[in-house]
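Results of the structural survey
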Amino acid sequence: LPNDLVFKIIDDESAEIGESLNHIALLAFIVMILVFIMIFVVQRRLLPSLLILSSVAFSAVITFNLIYLLKIPLNMLTLGALTMGLGMFVDNSIVVFENTLRLKEGGMESVQAALQGAREVFTPVLASTLTTIGVFFCFPYFQGRLRDFYLPLAFVMTSALAASLAVSFSLV
């Protein structure tokens, strides 16, 4: 590079991203507490509430690992996608758990209820998750700056939903 070449920072989003990360961490903590309280109020049992709470935590960790491995930039759109994903983490786990609990309360053994309960709801949970993921299939066809901005959002949302699906059928 020539010696007289000068680089100037035109736009620095690092402070905003730092604030957003702090806000998302606080939001995630509040959401996890609210999820725990709501599930505990409905179930009136500590262990099922902790199980659903742990599925949210595992889904978030898997999503962050996928973001890191895919080298997806953290910006306002991807952080927004992650925030939306936090709300969706719980859905699949609750459906699988509730069906398993129904079978267990019907007299089935725990292991058999877990296997049968997951098997019974696999297709509907998979279909609902894939339907949501399908919304993002058009994003790779965007052109120019639109693609640059929105493709990472699609990857984050798809990663979050896939992680939620995997955790709901493996952990729960």
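Please refer to the structure higher up on the page.
In what follows, the accompanying structure is described. Computed from a predicted structure; not experimentally measured. (Residues numbered from 1 in each chain as written. Predicted model: local features only at pLDDT ≥ 70, side-chain atom pairs only at ≥ 80, totals over all residues. Heavy atoms only, no water.)

**Some words on a negative patch on the surface**
On the surface, Asp 11, Asp 12, Glu 13, Glu 16 and Glu 19 cluster together to form a negatively charged patch. Relative to the elements of secondary structure, Asp 11 occurs in the segment before helix 1 (14-43). (Patch = residues over 30% accessible without salt bridge, like charges linked within 9 Å, V, L, I, M, F, W, Y side chains within 5 Å. Areas by Shrake-Rupley, 256 points an atom, 1.4 Å probe, with all protein chains shown as cover. Salt bridge = Lys/Arg side-chain N within 4 Å of Asp/Glu carboxyl O. Lys, Arg positive; Asp, Glu negative; His and termini not counted. Charge placed at Lys NZ, Arg CZ, Asp CG, Glu CD. Helix = DSSP H or I, 4+ residues; strand = E, 2+ residues; numbered from the N terminus.)

**Some details on the pattern of salt bridges**
Within the structure shown, the criterion is met by 2 salt bridges. The partner of Glu 105 in a salt bridge is Arg 45, with the nearest N and O atoms 2.8 Å apart. Residue Glu 105 is found in helix 3 (residues 76-105), and its partner Arg 45 is found in the loop between helix 1 and helix 2 (46-69); the two are separated by 60 residues along the sequence. The class of Arg 45 is partly exposed, set by a relative accessible area of 35%. A salt bridge links Arg 102 to Glu 120; the shortest N-O distance between them is 2.9 Å. Highlighted residues: Arg 102 in helix 3 and Glu 120 in helix 4 (residues 110-134), separated in sequence by 18 residues. (Buried < 20%, exposed > 50% of the residue type's maximum accessible area, 1.4 Å probe, protein only.)

**Focus: the nonpolar core**
Among the nonpolar cores identified, the biggest contains 12 residues, and these are Ala 28, Val 35, Ile 39, Ile 52, Val 56, Ala 60, Leu 86, Phe 89, Val 90, Phe 97, Leu 101 and Ala 160. Of all the secondary structure elements, the ones that give two or more residues to this core are helix 1, helix 2 and helix 3. Ranked by residues supplied to this core, first place goes to helix 3 with 5 residues. In contact with Ile 52, other than residues within four places in its own chain, are Val 35, Ile 39, Val 90, Ser 93, Ile 94 and Phe 97. (Core = buried A, V, L, I, M, F, W, Y, C linked by side-chain atoms within 4.5 Å. Contact = heavy atoms within 4.5 Å.)

**Describing the packing of aromatic side chains**
Enumeration over the complete set of coordinates arrives at 5 aromatic pairs. Members of the aromatic cluster, connected to one another through ring pairs, are Phe 136, Phe 139, Phe 142 and Tyr 150. (Phe/Tyr/Trp six-rings, centres within 6.5 Å; stacked < 30°, edge-to-face > 60°.)

**Considerations on helix 5 (residues 144-170)**
The periodicity of an α-helix, 3.6 residues per turn, causes residues three or four places apart in sequence to face the same way. With 27 residues, helix 5 should reach 39 Å at 1.5 Å per residue; the first-to-last C-alpha distance of 39 Å fits that figure. At Tyr 150, helix 5 shows its strongest bend, of approximately 30 degrees, with the proline Pro 152 following within four residues. (Expected span 1.5 Å × (residues − 1). Bend = angle between axes of the 7 residues up to and from the residue.)

**Focus on helix 2**
Over its 24 residues, helix 2 extends 35 Å from the first C-alpha to the last, a length consistent with the 34 Å expected when each residue adds 1.5 Å. Buried within helix 2 we find Pro 48, Ser 49, Ile 52, Leu 53, Ser 55, Val 56, Ser 59, Ala 60, Thr 63 and Ile 67. Where helix 2 is buried, its residues contact helix 1, helix 3 and helix 5. Where helix 2 ends, the next residue or the one after it, Lys 71, has phi of about 55 degrees, a positive value.

**What to know about unusual backbone geometry**
A positive phi is found at Arg 44, a non-glycine position, where the angle reads about 60 degrees. Following the sequence through the fold, Arg 44 ends up in the loop between helix 1 and helix 2. The backbone phi angle of Lys 71 is positive, close to 55 degrees, even though this residue is not glycine. In this structure, Lys 71 sits in the loop between helix 2 and helix 3. The class for Lys 71 is exposed, based on a relative accessible area of 71%.

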